[in-house]
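Chain residues, written in single-letter form:
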Amino acid sequence: HTPRPENMMKQGKTRMRANKSGEGCGKRKQEQKGGEAKRLCKPFTRDEAKDLFPKYPRSEDGQFMLSFDPEEKEEITDMLERYGVVVVRMFTKERCDATVTSMFEQMNKNQRKDVARCSLKVDDPSTWETDNWPSGKRFLCGDFASTKDAFLNRCDEKLYDLFAHIYGTKNLLASIDNWGVMRGCVNLKFPSHSKNMLKNTNGDDGNRNRTDLPESESKNGSSEESFITKDRDDWRVEPLRVHWDTDIHAYVDSVKKGRSRRYQGILAIDNCPEEVGGFCCVPASARALDQWLERGNKPYLHKFLPQQDAMMDHLQRFPLRKGEMVIWDFGQAHANFANRSNAMRLIQFIRLMPASCAKHDNRNPIEILEKRPDLCARIARFDLSKKATRLLGLGGCTQSKARKLPSSMLG
């Protein structure tokens, strides 16, 4: 069938109108490539952003961030009000060391026996191969942080008192959340005699040691042991994009209706200086979120801050000392930054939540323990205090049932 001339003319005019109005195929492809830019209706100007997003103050030595004792509750809430984030000196060095020890005991207990070659050691990069971790995925650790030390941390009395002050209620629940690991990947020392150094892999996912990576010729001069220094770029984890962990429209509406703001937290269980990588955020972005949305701005793909937004210029890194905890508002735009050192970044995710908000939290201990009787049984063996078991939503009846579970369920 040959189209009539008049129909061809109509089709041509339609295409011209479509192209002029931005509805043509080529225009659509261009819009898809620049999708983030189109979502910005009226972003903050650079001058506005400079006034809205002040820098969080550094410590006196300039290496870390200004931090507070957990008893300095008024100062902590003032910092949360102004910056949407605060650093608290939460736990002692000894407690953190015990936590790291228990963390690696859990990691080694949960290794994938079909692929693991040796036990993980925090100070031995030759044991850090991906095959030796419980999970081969990005976060490596697999299951929740489920050692006794992990539960003592999340149910700590001082931590509870602080969050009770922040929220203005004592009716709280403690999250059941994960460990966090970033392997070092620069100037790592491997024993020159290590069998792992002779292995190779076809992929770049870190599943096996490689011999085709940048290598330093320098060796330790000790007669007892010699080392080869290598970079492991395949271990470097790409930083998370700046994002929110909640539906920000719903969160802003909730706060407008008088409901409490919610807070997240990360505990540094080892020193996390800037070169080790870590948490970063845009200070005070939680307080500006309502205004940002009212101006027609939207998160890219429902959770990411668009790359062109002026807030990106105010992203600030938060290096942490061992035992420090960074607490931030759920409305705070945040991300992390990469590890570019030869040490591990080791953290525990912890937060407390008002019991009234728990049903909206994916780390709600009640829902998690209902699905995990093995974890419930393990907690019962820890003989935690009554207050700690209440923070986990465990009643006496639940604990009694858990104690009766067979030892094979303890994991």
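Everything in this summary refers to the structure shown in the same document. (Residues numbered from 1 in each chain as written. Predicted model: local features only at pLDDT ≥ 70, side-chain atom pairs only at ≥ 80, totals over all residues. Heavy atoms only, no water.)

## Considerations on the overall build of the protein
The number of helices and strands found in the protein is 14 helices and 14 strands. Counting every position in the protein, which comprises 411 residues, the buried fraction comes to 49%. Summarising the internal contacts of the protein: among those between residues at least 6 apart in sequence, 77% fall at separations of at least 24. Element-wise, carbon and sulfur atoms account for 48% of the exposed surface of the protein, whose accessible area totals about 21000 Å². (Helix = DSSP H or I, 4+ residues; strand = E, 2+ residues; numbered from the N terminus. Buried < 20%, exposed > 50% of the residue type's maximum accessible area, 1.4 Å probe, protein only. Contact = heavy atoms within 4.5 Å. Areas by Shrake-Rupley, 256 points an atom, 1.4 Å probe, with all protein chains shown as cover.)

## Quick notes on the packing of aromatic side chains
Here the distance between the centres and the angle between the planes together describe a pair of aromatic rings. Applying the stated criterion across every chain yields a total of 12 aromatic pairs. Judged by centre distance (6.4 Å) and plane angle (50°), the ring pair of Phe 190 and Trp 235 falls under tilted. You can see Phe 190 sitting in strand E5 (residues 188-191) and its partner Trp 235 sitting in the loop between strand E7 (227-230) and helix H9 (248-256), a full 45 residues away along the chain. Both residues of the pair, Phe 190 and Trp 235, belong to the buried class. (Phe/Tyr/Trp six-rings, centres within 6.5 Å; stacked < 30°, edge-to-face > 60°.)

## Focus: the sheet that holds strand E10 (residues 316-317)
Read from one edge to the other, the open sheet built from three strands follows the order E10-E9-E12, with strand pairing classed as antiparallel. A strand with exactly one partner marks an edge of an open sheet, and here the two such strands are E10 and strand E12 (334-337). Bridge analysis of strand E9 (residues 278-281) against E12 gives four bridges, and the strand direction is antiparallel. Looking at E12, one finds that Cys 280 is bridged to Ala 335. (Pairing = 2+ DSSP bridges.)

## With respect to the pairing of strand E8 (residues 263-268)
Taken across its six residues, E8 has six buried, putting it largely inside the fold. With burial as the criterion, each face of E8 is covered, one bearing Tyr 263, Gly 265 and Leu 267 and the other bearing Gln 264, Ile 266 and Ala 268. Where E8 meets strand E11 (residues 324-329), five bridges bridge the pair, whose relative direction is antiparallel. Note that in E11 the partner of Leu 267 across the bridge is Met 325. Here E8 runs beside strand E13 (residues 345-349); their pairing, made up of three bridges, is antiparallel. Bridge assignment links Ile 266 to a residue of E13, and that residue is Phe 349.

## Structural notes on the nonpolar core
In terms of nonpolar packing, the biggest core is built from 74 residues, with Tyr 56 and Leu 392 touching the most fellow members. Counting residues per element, this core draws most heavily on helix H8 (residues 157-167), at seven residues. Apart from the residues lying within four places of it in its own chain, the contact partners of Tyr 56 are Met 65, Leu 66, Phe 68, Met 79, Tyr 83, Val 85, Val 86, Val 87, Pro 283, Gln 316 and Phe 318. (Core = buried A, V, L, I, M, F, W, Y, C linked by side-chain atoms within 4.5 Å.)

## Overview of the packing of H9 against helix H10 (residues 285-294)
H10 packs onto H9 with a crossing angle of 115° between their chain directions and a minimal axis gap of 10 Å. Judged by the twist between their axes, the crossing of H9 over H10 is left-handed. Across the interface between the two elements, Ile 248, His 249, Val 252 and Lys 256 from H9 touch Leu 289, Asp 290, Trp 292, Leu 293 and Glu 294 from H10. Residue composition of the contact of H9 with H10, grouped by class: five nonpolar, one polar and three charged. (Axes fitted to C-alpha atoms, helices over the stretch in contact; angles between N-to-C directions. Left-handed = near helix turned anticlockwise from the far one by under 90°. Nonpolar A, V, L, I, M, F, W, Y, C, P; charged D, E, K, R; others polar.)

## Here's the deal with the pattern of salt bridges
Scanning all chains against the criterion turns up 27 salt bridges. Glu 157 is the salt-bridge partner of Lys 387, the closest N and O atoms lying 2.9 Å from each other. Placement of the pair is Lys 387 in helix H13 (residues 386-391) and Glu 157 in helix H8, with a sequence separation of 230 residues. Note that Lys 256 is salt-bridged to Asp 290, the shortest N-O span being 3.2 Å. Separated by 34 residues along the polypeptide, Lys 256 in helix H9 and Asp 290 in helix H10 bring together distant segments of the chain. Here the residues in one salt-bridge network are Asp 177, Arg 262, Arg 351, Asp 361 and Arg 363, joined through shared partners. (Salt bridge = Lys/Arg side-chain N within 4 Å of Asp/Glu carboxyl O.)

## Observations concerning the packing of helix H5 (residues 73-83) against H8
Where H5 contacts H8, the two axes come as close as 10 Å, and the packing angle between them is 55°. Accordingly, the angle class assigned to the pair H5 and H8 is oblique. In this structure, the crossing between H5 and H8 has a hand that is right-handed. Along the contact surface, H5 presents Lys 73, Glu 74, Ile 76, Thr 77 and Leu 80, while H8 presents Asp 161, Leu 162, His 165 and Ile 166. (Parallel < 35°, antiparallel > 145°, perpendicular 65-115°, else oblique.)

## Notes on the environment of Cys 155
Along the polypeptide, Cys 155 turns up in the loop between helix H7 (148-154) and H8. What makes Cys 155 buried here is its relative accessible area of 9%. Residues Cys 155 and Thr 389 lie 234 residues apart in sequence; the distance between their C-alpha atoms is 8.3 Å. Every residue in contact with Cys 155, bar those within four places of it in the chain, is listed here: Ala 174, Ala 388, Leu 391 and Leu 392.

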